[in-house]
Amino acid sequence: MSDEITHRLSTEGVDPLALAGVNDGNLVELARRLGVRVSLRGDMLMLQGALPAVERAAQVAQALVELARMGETLEVADVDRIVSDEAQGSLGRPAEGEYKIILPGLRRVIQPKTAGQREYLQAIVQHDIVIGIGPAGTGKTYLAVAAAVDALARKRVRRIVLARPAVEAGESLGFLPGDLHDKVDPYLRPLYDALEDMMPRDRVQKAIENRTIEIAPLAYMRGRTLADAFVILDEAQNATGMQMKMFLTRLGVNSRAVITGDKTQIDLANREDSGLLQVERILPGIEGIGFCYLADTDVVRHRLVRDIIRAYAEDAQG
């Protein structure tokens with residue numbers, strides 16, 4: 001048709017499979033969502049269709065190309081998320097000099113995928129203590145662990161301490177089989193998983209053996225001083241007020257802390273006992289402490305996770 005245009009984007013330096021996806025699934029989804037024809041030929045991505053559709057598709061495609069160029073392997077969910085961001089006007093290209101994490105030992109670069117994640121990583125760089133609050137799937141723990149591994153690799157800290165409250169560390173835990181390590185391991189497994197995605201497994205094991213990296217229940221922090229450490233408290237909504245105060249007062253010289261939590265997933269018997277709710281009330285305004293709020297628009301898991309979170313939020317409102 002005469003009113004159709006063709007737009008070409010350079011994909012030089014991009015792994016075609018990482019960009020296009022399995023069976024060109026990402027390109028098929030881009031075409032379906034935005035009503036354009038998409039083809040990848042050599043180092044060129046071609047977008048064809050009506051001017052308004054191509055203009056939208058070009059912004060989305062450019063964002064996808066930039067992610068792929070940084071070593072990301074894209075999925076259909078990434079296409080859906082970026083199309084949604086563009087529709088809401090929140091699609092921003094990474095700023096010049098934006099904070100990126102180059103993982104040691106792996107040929108990967110981790111960078112924020114959403115505006116909220118950008119603010120979160122910047123807050124981690126700029127503050128000694130960061131409290132990241134948001135729903136599941138927004139990368140709170142993953143990005144914090146990446147920042148910790150980066151700080152250790154750059155010798156900005158001497159060790160990493162990852163902690164989680166074991167909510168059922170009382171009666172229920174006693175009935176689980178095995179020794180203490182076996183009992184608490186299920187609570188800490190997500191932290192191991194994140195760490196093993198950042199470092200070769202043998203290096204993770206060696207670092208744990210020589211205590212360069214420590215993964216432990218929050219209760220183990222009592223009575224200690226954590227100096228020269230990057231400390232992460234995950235699932236902080238399930239830490240009691242006393243546990244949270246204990247954790248925050250463990251920090252020693254040259255230590256940084258990231259506290260992550262989701263206020264919609266408090267498992268304590270009394271919601272108001274949550275240390276996360278207390279710090280949100282008590283600590284704003286203290287220099288060196290940053291609060292960062294992630295939203296459902298920052299969800300980077302399966303596209304349905306974002307929709308599920310929104311559906312639950314709507315149901316809770318009545």
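Fair warning: this is a prediction, and the values are worked out from it, not measured in the lab. Starting afresh in each chain, residues are numbered from 1 along the sequence in its written order. For a predicted model such as this one, the threshold for reporting local features is a pLDDT of at least 70, and the threshold for listing and counting side-chain atom pairs is 80 or more; totals across whole chains, interfaces and linings nevertheless cover every residue. No hydrogens and no water enter the side-chain calculation; it runs on all heavy atoms of the structure.

Next up on the list: the nonpolar core. Within this scheme, the nonpolar core is defined by two criteria: the residues are buried Ala, Val, Leu, Ile, Met, Phe, Trp, Tyr or Cys, and they are joined through side-chain atoms within 4.5 Å. Summary of the burial criterion: residues with accessible area below 20% of their type's maximum are buried, those above 50% are exposed, and those between are partly exposed, where the area comes from a 1.4 Å probe applied to protein chains only. Core analysis: the biggest nonpolar cluster contains 36 residues, and Y120, L195 and F230 have the highest contact counts within it. Helix numbers and strand numbers start at the N terminus; a helix is a DSSP run of H or I with at least 4 residues, a strand a run of E with at least 2. It is helix α6 (residues 140-153) that contributes the most residues to this core, nine residues altogether. By the convention used here, residues are in contact when the closest approach between their heavy atoms is within 4.5 Å. The contacts of Y120, once residues within four sequence positions are left out, are V130, G132, G139, K140, L143, A144, V258, T260, C292 and L294. Among the nonpolar cores identified, the runner-up in size contains 26 residues, and V36, L67, A68 and L74 belong to it.

This part covers the sheet that holds strand β2 (residues 37-41). Between any two strands, pairing holds if DSSP finds at least two bridges. An order of β1-β3-β2 is seen for the three strands of this open sheet, with the pairing classed as antiparallel. Among the strands making up the open sheet, the edge pair consists of β1 (4-10) and β2. Each adjacent strand pair in this sheet contributes to an overall mean axis angle of 20 degrees, direction not counted. The pairing of β1 with strand β3 (residues 44-50) spans seven bridges and is antiparallel. The residue of β3 that forms the bridge with E4 is A50. Inter-axis angles, ranging from 0 to 180 degrees, are taken between N-to-C directions of lines fitted to C-alpha atoms, where helices are fitted over the stretch in contact. Sitting on the sheet, helix α2 (residues 25-34) is in contact with β2 and β3, with an inclination near 150 degrees to β2. Lying over the sheet, helix α3 (residues 51-69) contacts β1 and β3, oriented at roughly 160 degrees with respect to β3.

Low-pLDDT portions of the prediction should not be read for the details of their coordinates. Residues of the protein with pLDDT of at least 70 account for 86%, and the chain-wide mean is 83. Confidence scores differ between elements of the protein, with helix α7 (residues 171-174) showing the lowest mean pLDDT of 46 and strand β6 (residues 129-133) the highest of 96. Low confidence marks residues 93-97, where pLDDT is under 50. Its contacts with residues over four positions away, or in another chain, come to three contacts. Segment residues 168-173: pLDDT under 50, and five contacts once partners within four positions in sequence are set aside and those in other chains are kept. Values of pLDDT, which run from 0 to 100, indicate the predictor's confidence residue by residue.

The span you would expect from a helix comes to 1.5 Å times its residue count less one. Taking 1.5 Å of rise per residue, the 14 residues of α6 would be expected to cover 20 Å, and the 20 Å separating its terminal C-alpha atoms lies within 8% of that figure. Extensive coverage of α6 is indicated by the burial of twelve of its 14 residues. Among the residues making up α6, those that are buried are K140, T141, L143, A144, V145, A146, A147, A148, V149, D150, A151 and L152. A positive phi of about 60 degrees marks K155, the residue just after α6.

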